[in-house]
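Spelled out from the first residue to the last, the chains are:
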Amino acid sequence: MALNNEPIENVPLGEEVDDDAMDEVPLEPQANRRGSSANVIRSRVVEQLGLLDQIIPASRVLHGFNMVGEITKGEISLSVDMSDTVQNTKFHVIGGDMRYNALLGRPWIHSIRAVPSTLHQMMKFPTKDGITTIYGE
């Protein structure tokens, strides 16, 4: 039985699924199925800000794009000012090295109602003065 890349739940009941056909079913990566995302900040940055005492201990495992897990050191709440739009944001503090000082994930993007474009390296979001556009590096 050929599945023609149909999801496995579309197989009619009572029909057997060929084990070889199972190899053809595309599966999304684990992170995409859960739709998870997080705001992340390096512990070194928190230290440089002099805010280590504000970290709330909380041990969670965050998985990167390569699905390697890293245990967080805790959480911290920081004010993020983006073009005069200030949003109190919870960050997961990690000790490992990453390319950026902090990453703003889907929770923050949704909270300011932003529309990001990775293709154009920019983001638009509504403010009291209209639509604001922020460009990347």
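See above for the structure.
Fair warning: this is a prediction, and the values are worked out from it, not measured in the lab. Residue positions are given per chain, counting from 1 as you read along its sequence in written order. Side-chain atom pairs in this predicted model are given and counted only at pLDDT of 80 or more, local residue features only at pLDDT of at least 70, and totals for whole chains, interfaces and linings cover all residues. By convention in this description, side-chain values take in all heavy atoms of the structure and omit both hydrogens and water.

*Asks:* It is not clear to me how the side chain of Ser-43 should be interpreted in this structure. Could you clarify?
*Replies:* Elements are defined by DSSP. Helices are runs of H or I of four residues or more, strands are runs of E of two residues or more, and each kind is numbered from the N terminus. By the secondary structure assignment, Ser-43 is in helix H3 (residues 43-48). Here's how the labels work: a residue is buried when its accessible area is under 20% of the maximum for its type, exposed when over 50%, partly exposed in between, all with a 1.4 Å probe on protein chains only. The class for Ser-43 is buried, based on a relative accessible area of 12%. The contact partners of Ser-43, leaving out residues within four places of it in the chain, are Leu-52, Lys-73, Val-93, Ile-94 and Gly-95. The contact rule is simple, with two residues in contact once any of their heavy atoms fall within 4.5 Å.

*Asks:* What am I meant to see in the sheet that holds strand E6 (residues 102-103) here?
*Replies:* Backbone-to-backbone hydrogen bonds pair the strands of a sheet. The strands run either parallel or antiparallel. Reading across from one edge, E4-E5-E1-E6 is the order of the four strands in this open sheet, with mixed pairing throughout. Pairing within the sheet leaves two strands with one partner each, and these edge strands are strand E4 (74-82) and E6. Where strand E1 (residues 40-42) lies against E6, two bridges are found, and the strand directions are antiparallel. Across the sheet, Val-40 pairs through a bridge with Leu-103, a residue of E6. Any two strands with at least two DSSP-identified bridges between them are counted as paired.

*Asks:* Could you clarify how one ought to interpret the pattern of salt bridges in this entry?
*Replies:* Pairing between side chains of opposite charge can happen when the charged atoms of each approach one another. Whenever a carboxyl oxygen of Asp or Glu lies within 4 Å of a side-chain nitrogen of Lys or Arg, that contact is scored as a salt bridge. The tally for this structure, following the rule as stated, stands at two salt bridges. Here Arg-60 ties to Glu-75 by a salt bridge, and the two come within 2.7 Å at their closest N and O atoms. Here Glu-75 lies in strand E4 and Arg-60 lies in the loop between H3 and strand E2 (61-63), a separation of 15 residues in the sequence. Look at Arg-60 and you get partly exposed, because its relative accessible area is 39%.

*Asks:* How do you make sense of unusual backbone geometry when you look at a structure like this?
*Replies:* Trans peptide bonds make up most of the peptide bonds, and negative phi angles are found at most residues other than glycine. Positive phi is not limited to glycine here, since Asp-84 has a value of about 65 degrees. Inspection of the secondary structure puts Asp-84 in the loop between E4 and strand E5 (85-94). Of note, Arg-113 is a non-glycine position whose phi angle comes to about 60 degrees, a positive value. Here Arg-113 lies in the loop between helix H4 (106-111) and strand E7 (115-117). The class of Arg-113 is exposed, set by a relative accessible area of 64%.

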